[in-house]
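Fold and geometry: a report
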Amino acid sequence: MHGVEPTSDMVSALICAQDGFYRTALESILKDRLYFQHIASVETLDQAVDHIAGADGRVNLALFDLDTRGLNNRNAIQALREGFPSMLVVLIASSQSRQAMVGALEAGAHGFLNRDLGVSGFVEALHQIARGQIYVPPYLAYPDT
């Protein structure tokens, strides 16, 4: 899959991660593979909230690295979902913690992606989320080992 056709509901995204290299990689994927037209990139949760609030509902997708300070609790995710109900909220983590994943989904996240998903897997997961599905990693189906 090389991307999706641009649509009016997939034009603006926000990436929130402390790692600048990682933000740049995500931005490239969003532009080149998913055809997002406008992408904001910030380092902190406060910056993300300020940007989203100032965008008057034009941020369609917000990607948050779970390692972002202040985001590793349910209340922050719930507040994002309640404050910006039309925005898709997706968490990305290096961890495969079931507890973190389930907590994020219970708080209202639309998806939980692991960093090791790869570009194609990342793109497919975002396609699923854009179609209204909740994305969870396949390992959730298997018992802990």
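For the structure, see preceding data.
Residues numbered from 1 in each chain as written. Predicted model: local features only at pLDDT ≥ 70, side-chain atom pairs only at ≥ 80, totals over all residues. Heavy atoms only, no water.

For helix α2 (residues 45-54), every residue scored as buried is listed here: Leu45, Ala48 and Ile52. An end-on view of α2 places all buried positions within 60° of arc, on one side of the element. Seen from the buried face of α2, the exposed residues on the opposite side, beyond 90 degrees, are Asp46, Asp50 and Gly54. Just past α2, the residue Asp56 takes up positive phi, approximately 50°. (Buried < 20%, exposed > 50% of the residue type's maximum accessible area, 1.4 Å probe, protein only. Helix = DSSP H or I, 4+ residues; strand = E, 2+ residues; numbered from the N terminus. Arc of directions from axis to C-beta.)

The five strands lie next to each other as β2-β1-β3-β4-β5, forming an open sheet whose pairing is parallel. Two strands close off the open sheet at either side, each with one partner strand: β2 (38-42) and β5 (111-114). Going from strand to strand, the sheet's axes swing by 20° on average, the running direction of each strand aside. Here strand β3 (residues 61-65) runs beside strand β4 (residues 88-93); their pairing, made up of five bridges, is parallel. Considered in β4, the bridge of Ala62 is made with Val89. The strands touched by helix α5 (residues 118-130) within the sheet are β3, β4 and β5, with β4 carrying the most contacts at an inclination of about 155°. (Pairing = 2+ DSSP bridges. Axes fitted to C-alpha atoms, helices over the stretch in contact; angles between N-to-C directions. Contact = heavy atoms within 4.5 Å.)

In this structure, Leu14, Ile52, Phe64, Leu71, Leu91 and Phe112 are the most contacted members of the largest nonpolar core, which totals 27 residues. Contributions of two or more residues to this core are made by β1 (12-16), β2, α2, β3, α3 (74-83), β4 and α4 (98-106). Sequence-distant contacts of Phe64, defined by excluding residues within four places in its chain, comprise Leu14, Cys16, Leu45, Ala48, Ile52, Leu71, Leu80, Val89, Val90, Leu91 and Ile92. Counting residues in each nonpolar core, the second largest holds 21 residues, with Ala13, Ile92, Phe122 and Ala125 among its members. (Core = buried A, V, L, I, M, F, W, Y, C linked by side-chain atoms within 4.5 Å.)

Positionally, Ser12 belongs in strand β1. Reaching out from Ser12, the side chain makes a polar contact with the backbone oxygen of Arg58 at a distance of 3.0 Å. Ser12 has contacts with Phe36, His38, Arg58, Val59, Asn60 and Leu61, leaving out every residue within four places of it along the chain. (Polar contact = N/O pair within 3.5 Å; in protein donor to acceptor, adjacent residues only side chain to side chain.)

A few words on the environment of Met101. With respect to the helices and strands, the residue Met101 is situated in helix α4. In this structure Met101 comes out as buried when scored by relative accessible area, which is 0%. Along the backbone, Met101 and Pro137 are 36 residues apart, and their C-alpha atoms lie at a distance of 8.9 Å. Other than its neighbours up to four places away in sequence, Met101 contacts Phe112, Val136, Pro137, Tyr139 and Leu140.

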